[in-house]
Amino acid sequence: MTGPRDADRRQTTSLLIAGLSAASYLWISPLGSSLWLDEAVSYWVVKDGLPEAVDRGLRYQWSPAYDVILWLAVGLGGAREIALRLPSLVGAAGATLLLYRLGLRLLDRETGLLAATAFACLIGIGGVPANARPYAIALMLAVGSTLALVRWLDRASARSAGAYVVLAALTVYAHYLFAIMLAVHVFHAVVRRRLHGAPSAARLGLVLGALGALLLPLGPRFLSLVRRRETLSWANDPSLAGVLAVLALPLGLTGVLAWRGSRGRGASVDRASCLLAVVWSILPPLTAALVSWLTSARLFYPRYYLAWTPGLALLSGLAIRTLPGARSRSLIALGLVVLSIAVSPPYRRSRQDWRAATQAVRSVTESADTPILVGAGLVESAQIDWLTDPERSSYLLAPLSFYPVLGRPIPLPYDLDVGVRGYLEDLAAVLVARERRFILESNDDRVRQVPYRGWFESRLGADFDSRSLGPFGAISVVVFERRRASPRPTRRGSSLRERQWPEPAVERSSRPPTRRAAWLRAPSSRSARPPARPARAGVERAW
């Protein structure tokens, strides 16, 4: 015979599962959309095989474990947007299931379903499940390692301890910034030891020692990233108001949980479990803000403290669970699902539609020699030597590795500061002397807006007309064509032998000389005659 409590429980479960299904709409709808910049970088890392993927992943990315997974996905599914994003979709589903199991273990099934629903909404709004980046895999490993830690603290079995050590190490290998989870785990273990007398200091030290041994190979790479932190930082300095706005939600939920607990109302939640959820939801963004304030690394950006998302969802589940009425709690969860879908339509990277933009570029490219100036927006392009190094310039042109073009891609610097003006002026001088048409493709979806078009129009406006193609979201495509009244450049062919490669612009009296792009330099004076095409030692080697 079925009692009222069982019927109510089934209804609650049905409502929450319906909410999870609705939230998954945010996950699936953008799977086939165009890759954005960082996703294209992920493909560039793995496109040339496993050895290259491992090497490039260690030198250019923060996620060696994810690079291997993505290489497998591309090998099995091909170079398609959906194949690149399937690992993240699986990781998001796995993280949701594991968070449900964690809520079930800490309190009950309803808490697990509430936490899983909140988590599905949070990562759906952020587009994590349909993102060819390591965050979803790292989230799954972070939740899995936390669940293994809770099991070990409950039963103190060697199997649970081993599972925790492996999963926690893999979390850091999936993305270095998720190392903050180790601090959350140590805090929870210490609290459990003080409240319940377990684990012993010897066991805790043994587990942490084994974990440190597994993470030891990452030490040199981590130190290298620390030394390069200034060249890798692109976000703005966080404001106090911005940090408080991020922390307002977990602090508010903490207040609800404390208020209901102080009155002895709602479900009885273990103190250690509450503190785990609170610290998990506050420590990642707070640490990112402190690092940004105290060092030259700028880490206060949503995807850089994404490790807080499961903690925030778990805290939401615990807080909602303390409210009266199972049906009202389910309706609150469903309201969160509807709100997330309403305020965040299917998460598409339409602001960076590289696919449509490169299709437009191909439609107006005349030949393989047509210059295509690409401002992809990677912060490493602020280093001028990266623009002329074959492999590094290929990295800076990562979107064109997945969406290729016919012409000759040339990377542009990250910003228009004094240190790069010489490079751009040399480039403008060559374009004026040689080209009838060139194309500018730039990514304007960045913290620092770089007016590439305005700069080239100010330098070349007397010789070239410009027209825009698109729109393609934040990706702008501008075609520059020589005016009919302007002197025509020397045509490629036999007459090219009579043409000297132009010297760079000379407006540099007010500043020290800048390094010129190697492929822009004049031919060697040892040659009696200039070659048909000067040897371009820089970017051209990558093509």
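Heads up: the structure comes first, above all this text.
Residues numbered from 1 in each chain as written. Predicted model: local features only at pLDDT ≥ 70, side-chain atom pairs only at ≥ 80, totals over all residues. Heavy atoms only, no water.

Turning next to the nonpolar core. Residues Leu314, Leu373 and Phe456 are the most contacted members of the largest nonpolar core, which totals 128 residues. For this core, the element with the most residues is helix H7 (residues 135-155), which contributes ten residues. Discounting residues that sit within four places of it in the chain, leucine 314 has contacts with Leu99, Leu102, Gly103, Leu106, Ala115, Ala277 and Trp280. (Core = buried A, V, L, I, M, F, W, Y, C linked by side-chain atoms within 4.5 Å. Buried < 20%, exposed > 50% of the residue type's maximum accessible area, 1.4 Å probe, protein only. Helix = DSSP H or I, 4+ residues; strand = E, 2+ residues; numbered from the N terminus. Contact = heavy atoms within 4.5 Å.)

Residues Arg408 and Ile410 point to one face of strand S2 (residues 408-411) and Pro409 and Pro411 to the other, with burial holding for every one of them. In this sheet, S2 lies alongside strand S1 (residues 371-375) in parallel orientation, the contact comprising four bridges. Within the sheet, the bridge partner assigned to valine 374 lies in S2 and is proline 411. (Pairing = 2+ DSSP bridges.)

Attention now goes to the pattern of salt bridges. Tallying each qualifying case throughout the model produces 22 salt bridges. One salt bridge in this structure joins arginine 329 and glutamate 110, with 2.6 Å as the shortest N-O distance. One end of the pair, arginine 329, is in helix H16 (residues 326-343); the other, glutamate 110, is in helix H6 (residues 109-126), with 219 residues separating them in the sequence. Residues arginine 329 and glutamate 110 agree in their burial class; the two are buried. Among the salt bridges present, the one from aspartate 237 reaches arginine 298, with a minimum N-O distance of 2.2 Å. Highlighted residues: aspartate 237 in the loop between helix H12 (229-232) and helix H13 (240-262) and arginine 298 in the loop between helix H14 (271-294) and helix H15 (308-321), separated in sequence by 61 residues. Taken together, the shared-partner salt bridges in this structure form one network comprising Glu366, Arg436, Arg437, Arg467 and Glu481. (Salt bridge = Lys/Arg side-chain N within 4 Å of Asp/Glu carboxyl O.)

Okay, a nonpolar patch on the surface next. Taken together, the side chains of Leu240, Leu244, Leu286, Leu290, Trp293 and Leu294 present a nonpolar region at the surface, about 600 Å² in accessible area. When residues of the nonpolar patch are traced back to their parent elements, those giving at least two are H13 and H14. In terms of residues, the nonpolar patch owes the most to one element, H14, which gives four residues. Relative to the elements of secondary structure, leucine 286 occurs in helix H14. Residue leucine 286 is classed as partly exposed on the basis of its relative accessible area of 31%. (Patch = residues over 30% accessible without salt bridge, like charges linked within 9 Å, V, L, I, M, F, W, Y side chains within 5 Å. Areas by Shrake-Rupley, 256 points an atom, 1.4 Å probe, with all protein chains shown as cover.)

The next point concerns H15. With 14 residues, H15 extends 20 Å from end C-alpha to end C-alpha; this agrees with the ideal 20 Å at 1.5 Å per step. Burial runs high along H15: 14 of the 14 residues are buried. (Expected span 1.5 Å × (residues − 1).)

A full pass over the atoms with the stated rule returns 14 aromatic pairs. Summarising the aromatic geometry, the rings of phenylalanine 438 and phenylalanine 464 are spaced 5.4 Å apart at their centres and angled 70° between planes, so their arrangement reads as edge-to-face. Here phenylalanine 438, found in strand S3 (residues 437-443), pairs with phenylalanine 464, found in strand S4 (residues 464-472); they are 26 residues apart in sequence, far enough to count as distant. Of the two residues, phenylalanine 438 and phenylalanine 464, both sit in the buried class. Connected via pairs of aromatic rings, a cluster forms that spans Phe438, Trp455, Phe456, Phe464 and Phe480. Above the plane of the ring of tryptophan 44 lies arginine 56, whose end atom (NZ or CZ) is 4.3 Å from the centre. Here arginine 260 stacks its cationic end above the ring of tryptophan 259, 5.7 Å away from the centre of that ring. (Phe/Tyr/Trp six-rings, centres within 6.5 Å; stacked < 30°, edge-to-face > 60°. Lys NZ or Arg CZ within 6 Å of the ring centre and 35° of its normal.)

Here we come to the side chain of serine 145. Within the element layout of this structure, serine 145 appears in helix H7. Apart from the residues lying within four places of it in its own chain, the contact partners of serine 145 are Tyr164, Leu167, Ala168, Thr171 and His185.

Another aspect to go through is the pairing of strand S5 (residues 475-482). By the criterion of burial, S5 is predominantly enclosed, with six of the eight residues buried. Relative to S5, S3 runs antiparallel, the two being bridged by seven bridges. Its bridge partner lying in S5, phenylalanine 438 is registered against phenylalanine 480. Where S4 meets S5, seven bridges bridge the pair, whose relative direction is antiparallel.

So, to be careful, I would describe these as geometric facts and stop short of saying anything about function.
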